[in-house]
Amino acid sequence: MHTPSPSPSIGFIGLGAMGHPMAARIVSGRYSLAVTDADPARIAECVQETGATACSSPAEVAARSDILITMLPSSAVVKTVLFGSDDALAHLKHGAVILEMSSGVPNMTREFAQLAAERSILMMDAPVSGGVARARSGELAIMVGGPDEGFSNSKPVLQAMGSSIIRTGSIGTAHAMKALNNLVSAGGFLIGIEALLIGQKFGLDPSLMVDVLNVSTGMNNSTQKKFKQFVLSRRFDAGFGLDLMVKDLGIALGVANATDTPVPFAGLCLDLWASAQKVLGRGQDHTAVARFAELLAGIELNDEQSTGAKA
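Residues numbered from 1 in each chain as written. Predicted model: local features only at pLDDT ≥ 70, side-chain atom pairs only at ≥ 80, totals over all residues. Heavy atoms only, no water.

**Q** Report on the pattern of salt bridges, specifying residues and quantitative values.
**A** Summed over all chains, the structure comprises eleven salt bridges. Each of the salt bridges in this network shares a partner with another, and the network as a whole consists of R234, E294 and E300. (Salt bridge = Lys/Arg side-chain N within 4 Å of Asp/Glu carboxyl O.)

This is how it looks when you write it as structure tokens:
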């Protein structure tokens, strides 16, 4: 009689706005989960909600893990966690898999994967798209780069967190794809906000404009899921930081430079988002970039029908 293989033990490092609900989905998938974060309060909150095992360091998490997930702010932080003084990589068993689910720098990810391979550990880049709401529901889109063996070993865990699991190719390609996706998203957001500002000055109601865009060819993710919900409502709390968007746009432009691809529009897009970050200050939600566009236009978007066309 065939005895099923035991479920792998999962470790999760990074319990921020996205990491916490992703970790909860793993527990919902009946996996054993060990967690840690730089903020002890986040660890306590996750453990209380999910029943995961709290660990005091990345090394302790790694020692408990067949599959180690990193969901961290940057590749620099990933490097510190895996190869720094704590050296989490040294505590992983041979044959373990690292799922690097942060939005990372592709070439750095490739360097990390090479160092991991020297210790007989497989590394996959598996960044996500979909925001906090889809992280909670387990409906993230997950891009996955790396070797087939690592993918087959980790696919069931990925499916606990995402509904669209898309192979992108070799290690690093998923991180490149994530940055390029956010480049398209950032461009669509800004051009849409500028259109609303033009329309309001002309006499159109921005809320009505969003409705029209959403049944027309101008529809995009921002018109559907951000403009009314987070801009016109003045909430500016979609759950993804402006600082992270600027970082991801920088990664996308880095890939363009590395491939000698001329990208004048993408360069302007990064410049505008970076300017918004400078003017608005750090710690803002990415949807607050609309406030920067409003400052340039000299008006604030609202839901009320304007009084008429400007002469």
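Further notes follow.
**Q** An account of the nonpolar core is needed here, citing residue identities and associated values.
**A** Counting residues in each nonpolar core, the largest one holds 33 residues, and the members touching the most others are F189, I193, V231, L249 and W273. Mapped by element, the contributors of at least two residues to this core are helix 8 (173-202), helix 9 (206-213), helix 11 (227-232), helix 12 (242-258), helix 13 (264-280) and helix 14 (289-297). Those residues in contact with F189 that sit more than four places away from it in its chain are S222, K226, F227, V231, W273, T287, V289 and A290. Grouped together as the second largest cluster of nonpolar side chains are 31 residues, I10, C46, V97 and M101 included. (Core = buried A, V, L, I, M, F, W, Y, C linked by side-chain atoms within 4.5 Å. Buried < 20%, exposed > 50% of the residue type's maximum accessible area, 1.4 Å probe, protein only. Helix = DSSP H or I, 4+ residues; strand = E, 2+ residues; numbered from the N terminus. Contact = heavy atoms within 4.5 Å.)

**Q** Lay out helix 14 in plain terms, naming residues and giving numbers.
**A** Along helix 14, the residues classified as buried are V289, A290, F292, A293 and E294. Looking one or two residues past helix 14, G298 carries a phi angle of roughly 80°, positive in sign.

**Q** Kindly report on the packing of helix 8 against helix 13, identifying the contributing residues and their values.
**A** Close contact between helix 8 and helix 13 brings their axes to 10 Å; oriented N to C, the two are set at 70°. Put simply, helix 8 runs roughly perpendicular to helix 13. Two secondary-structure elements touch here, helix 8 through L183, A186, G187, F189 and L190 and helix 13 through A266, C269, L272 and W273. Tallied by class, residues from the contact of helix 8 with helix 13 come to eight nonpolar, one polar and no charged. (Axes fitted to C-alpha atoms, helices over the stretch in contact; angles between N-to-C directions. Parallel < 35°, antiparallel > 145°, perpendicular 65-115°, else oblique. Nonpolar A, V, L, I, M, F, W, Y, C, P; charged D, E, K, R; others polar.)

**Q** An account of the packing of aromatic side chains is needed here, citing residue identities and associated values.
**A** A full pass over the atoms with the stated rule returns three aromatic pairs. Ring centres of F189 and F227 lie 5.3 Å apart, and the angle between their planes is 80°; this geometry places the pair in the edge-to-face category. Placement of the pair is F189 in helix 8 and F227 in helix 11, with a sequence separation of 38 residues. In this structure, F189 and F227 share a single accessibility class: buried. One aromatic cluster is present, formed by F189, F227 and W273 through successive ring pairs. In this structure, R167 is placed above the aromatic ring of F151, and the distance from its NZ or CZ to the ring centre is 4.5 Å. (Phe/Tyr/Trp six-rings, centres within 6.5 Å; stacked < 30°, edge-to-face > 60°. Lys NZ or Arg CZ within 6 Å of the ring centre and 35° of its normal.)

**Q** Any chance you could break down the pairing of strand 2 (residues 33-36) for me, citing the residues and the numbers?
**A** Burial of the side chains of strand 2 extends over both faces: L33 and V35 are buried on one face and A34 and T36 on the other. Judged from the four bridges that link them, strand 1 (residues 10-13) and strand 2 form a sheet pairing that is parallel. Looking at strand 2, one finds that F12 is bridged to V35. Chirality of the crossover, the property in question, places the unit of strand 1, helix 1 (residues 19-28) and strand 2 among those that are right-handed. Across two bridges, the pairing between strand 2 and strand 3 (residues 53-54) is parallel. By the bridge assignment for strand 3, A34 is matched with T53. Handedness of the crossover joining strand 2 and strand 3 through helix 2 (residues 40-50): right-handed. (Pairing = 2+ DSSP bridges. Right-handed = clockwise from strand over helix to strand, strands pointing away.)

**Q** Mind laying out the confidence of the model for the protein, listing which residues take part and the relevant values?
**A** Here the protein shows a mean pLDDT of 94. Residues at 70 or above account for 95%. Predicted confidence for residues 1-5 stays below pLDDT 50, and this span has zero contacts to residues more than four positions away or in other chains. Confidence over residues 305-311 falls short of pLDDT 50; this stretch has 13 contacts with residues more than four positions distant or in other chains. (pLDDT = per-residue confidence, 0-100.)

**Q** Please give an account of unusual backbone geometry that cites residues and values.
**A** One non-glycine residue with positive phi stands out, namely R30, at about 70°. Looking at where R30 falls in the secondary structure, it is placed in the loop between helix 1 and strand 2. Looking at R30, the relative accessible area reads 76%, which means it is exposed.

**Q** Provide a residue-level description of the pairing of strand 6 (residues 122-125), including the pertinent values.
**A** On any regular strand, side chains alternate: one points to one face of the sheet, the next to the other face. Here four bridges tie strand 5 (residues 97-100) to strand 6, and the two strands are oriented parallel to one another. Directly across from I98, in strand 6, lies its bridge partner M123.

**Q** Give a description of the state of the cysteines that names residues and reports values.
**A** By definition, a disulfide links two cysteine residues through a covalent bond between their sulfur atoms. As enumerated under the stated definition, the model contains zero disulfides in all. Cysteine C46 is unpaired, with the sulfur of C55 as its nearest cysteine sulfur at 11 Å. A relative accessible area of 0% places C46 in the buried class. C55 sits in the buried class, given a relative accessible area of 4%. (Disulfide = S-S within 2.5 Å.)

**Q** Now, about the environment of S154: what can you tell me, with residues and values included?
**A** Relative to the helices and strands, S154 is located in helix 7 (residues 148-161). What makes S154 buried here is its relative accessible area of 0%. As for S154 and A195, which are separated by 41 residues in sequence, their C-alpha atoms are 43 Å apart. For S154, the residues in contact, after removing those within four places along its chain, are I67, V97 and L99. Among the polar contacts made by the side chain of S154, one reaches the main-chain carbonyl oxygen of G150 at a distance of 2.7 Å. (Polar contact = N/O pair within 3.5 Å; in protein donor to acceptor, adjacent residues only side chain to side chain.)

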